[in-house]
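As a plain string of letters, each chain reads:
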Amino acid sequence: MCGLAGFSGPGDAQDLGAMSAALAHRGPDDKGEYVESDAGVFLAHRRLAVIDIDGGIQPMSNEDATVRVLFNGEIYNFQDLRRQLEAKGHVFRSHHSDTEVLVHGYEEWGEDLPNRLNGMFAFAIYDRPRRRFFLARDRFGKKPLYYHHRGSLFAFASELGALRRHRELKTELDQRALQKFFAYGYVPAPLSLYRDTYKLPGGHSLTFDIAAGRIELRRYWRFAIEPFERIPRDAEQVWGEELRHLLSEAVKRRLVSDVPLGIFLSGGIDSSAVLAMAAGHTPAEQIETFSIGFKEPSFDESAFAREAAALVGCNHHEEILDMDRAMAMIPGVLGRLDEPMADPSILPTYLLCRFAREHVTVALSGDGGDELFAGYDPFKALGLANLYRKCVPGPVHGLVRALVNRIPRSTANMSLDFRLRRALAGVSHPPKLWNPVWLGPLEPDRIGELFGERIDVEDLYSEAIALWGDATGEGVVDRTLDFYTNLYLQNDILTKTDRASMMVSLELRSPFLDLDLVNFARRIPHRFKYRHGETKYLLKKALATVLPSSILDRPKKGFGIPLASWLRQVPDAHRPLPGLGIDQSWVDRRWAGHVSGAEDNRAFLWCWVVLQHHLRPAEARAAA
């Protein structure tokens, strides 16, 4: 993993150095710069050396230095691409650098290059003869890439914080993006929290013409549900075998590394499947696995991880944490988050990454399995939500919500009262809003109260509504799969894991997001993913030959923390954030209601804590 930054237009080497320094945690092993002062082009790279340690130094150029690349990520099919390019006459100088494939691949295929890549990537290419930048981001947006364009300044970087180090860049808050943050718990691409500053969405490329000052965006890929037209008579067996094969190959590709490598292990289906596939390619005694547990039973999964590790016989590493100790780390983690993202599991994810980094430089995770194979609890709520909406009139629904709100609030992990309240909040709205409201911190009317204005719901949830309308599958299940894979995965899950791993300079790989596996999974009809209340149906059937029922059949737990109780102990967390157009008295009432136990406002209040650490990190750290 690495960090990249660059710009054209106003600015100098001091700006470039500041942007590069802000990315040092992403690439502690090496740094490089390329500057054309007369042309106003500045490029910088920070490297975490994983593949071809000696030959992968960046910025990397072609033979005549007309093309230079900055690259963050891993290309898993780079050896195949290299053979294709060598057959076409391209001469490689490195021994086995995947970065050099991008240089020659751009020469050969131009802007079609991203379509040929199987991997996780964000890269920027400076095409000197054409005076242009070409930027691209992987299909799911696993690796981040931001850009800013105002006037004659065009700048890009792996992180928002690095962009903000450029002295000419103005960081004016975008009110619309801020409202979406409270709606989703993250700022959805292509928006960022600041005007004129954007995230390049996953599956997109960007060309910037330096002379003309013009940007062209292009979508080169979109996850789309396109079920097989013909279903084999023995589909479960045939597709199950293919699924095991594709997952095994995906894991095999991600075991290639010139530095120590391990596997995150929770004891759930996805991470256990990755471990089982790895054991088919590597001797068990050479596999390192990592998990963290908590002393609080309702949040601890360490016993399940130990069980999965024992089945394979790998070298398992475990750390058990006290919640008070973990809570003390909140300021340091949130203060380095770079972009406000209110998934509280960032904390245990960071702790796991930090623990693993003591032993390895690269780790494999199970990210993507829930999104591809319908693993989340809301899938179980879809049928009931449809029935409830048809049978329960609006006035009665209001009464039901009022009655459920009288149930005593529990601070346990995914308690029944918490799930009931979330479910009823979702079905208060049309089906196209179920998923974002179920997962979001605040409902639309509450966001209106927070900002003291009428909220346009269609605009607030425009991303989720567009996905709902453009979905290519059938019914609410496919539309929900579309939501999770195209919106939630990119903006929440992958953002969280990228930031947590990069804080400690750990590369994290996701076999479930392998292109071949994804293209197969999106063709499987949803009734083979979610069936009669069972999530991940086909995946479980496929893995029955390699994993025991104790792992396959146990309820999904999630990577949770006791957020509701923690927030009652955070001092001065409701301090004002002036200049946001927010009703501070409304915020104060939400804090008071939560601290007293009369309300459960954990999702919104965590957003508030996250936002404080982003907008004034020094003050927030001091107060905490």
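I will try to describe carefully the structure that is included in this document. (Residues numbered from 1 in each chain as written. Predicted model: local features only at pLDDT ≥ 70, side-chain atom pairs only at ≥ 80, totals over all residues. Heavy atoms only, no water.)

**Observations concerning unusual backbone geometry**
Backbone phi values are negative for most residues with the exception of glycine, while trans is the configuration of most peptide bonds.
Point 1. A cis amide bond, omega 10°, links alanine 189 with the succeeding residue proline 190.
Point 2. Located in the positive-phi region is alanine 65, a residue other than glycine, with phi close to 60°.
Point 3. Among the structural elements, alanine 65 can be located in the loop between strand 4 (60-61) and strand 5 (67-75).
Point 4. A relative accessible area of 21% means that alanine 65 is categorised as partly exposed.
Point 5. One non-glycine residue with positive phi stands out, namely alanine 374, at about 60°.
Point 6. Along the chain, alanine 374 falls in the loop between helix 12 (369-372) and helix 13 (378-391). (Helix = DSSP H or I, 4+ residues; strand = E, 2+ residues; numbered from the N terminus. Buried < 20%, exposed > 50% of the residue type's maximum accessible area, 1.4 Å probe, protein only.)

**Some words on the packing of helix 7 (residues 269-279) against helix 8 (residues 302-312)**
Point 1. Two elements in contact, helix 7 and helix 8, have axes whose closest approach is 10 Å; the angle formed by their N-to-C orientations is 15°. Classified by the interaxial angle, the pair formed by helix 7 and helix 8 is roughly parallel. Classified by chirality, the crossing of helix 8 by helix 7 is right-handed. Contacts between helix 7 and helix 8 involve Ser272, Leu275 and Ala279 on the former and, on the latter, Ala308, Ala309 and Val312. (Axes fitted to C-alpha atoms, helices over the stretch in contact; angles between N-to-C directions. Parallel < 35°, antiparallel > 145°, perpendicular 65-115°, else oblique. Left-handed = near helix turned anticlockwise from the far one by under 90°. Contact = heavy atoms within 4.5 Å.)

**Observations concerning the sheet that holds strand 9 (residues 153-157)**
Point 1. Strand order across the open sheet formed by six strands is 2-3-1-9-8-10, with antiparallel pairing between neighbours. Edge positions in the sheet fall to strand 2 (30-36) and strand 10 (197-199), since each of these pairs with one other strand and no more. Between one strand axis and the next, the sheet turns by 10° as a mean value, whatever way the strands run.
Point 2. Bridge count for strand 8 (residues 146-150) against strand 10 is three bridges, and the pairing is antiparallel. Paired with histidine 148 across the bridge in strand 10 is threonine 197. (Pairing = 2+ DSSP bridges.)

**A short note on the pairing of strand 11 (residues 204-209)**
Point 1. With five of six residues buried, strand 11 is to be regarded as a mostly interior element.
Point 2. Two strands pair when backbone bridges link them, and strand 11 and strand 12 (residues 214-219) are joined in this way by six bridges, in the antiparallel orientation. Its bridge partner lying in strand 12, leucine 206 is registered against leucine 217.
Point 3. Between strand 11 and strand 12, which follow one another and run antiparallel, lie four residues, and glycine 213 among them has a positive phi close to 65°.

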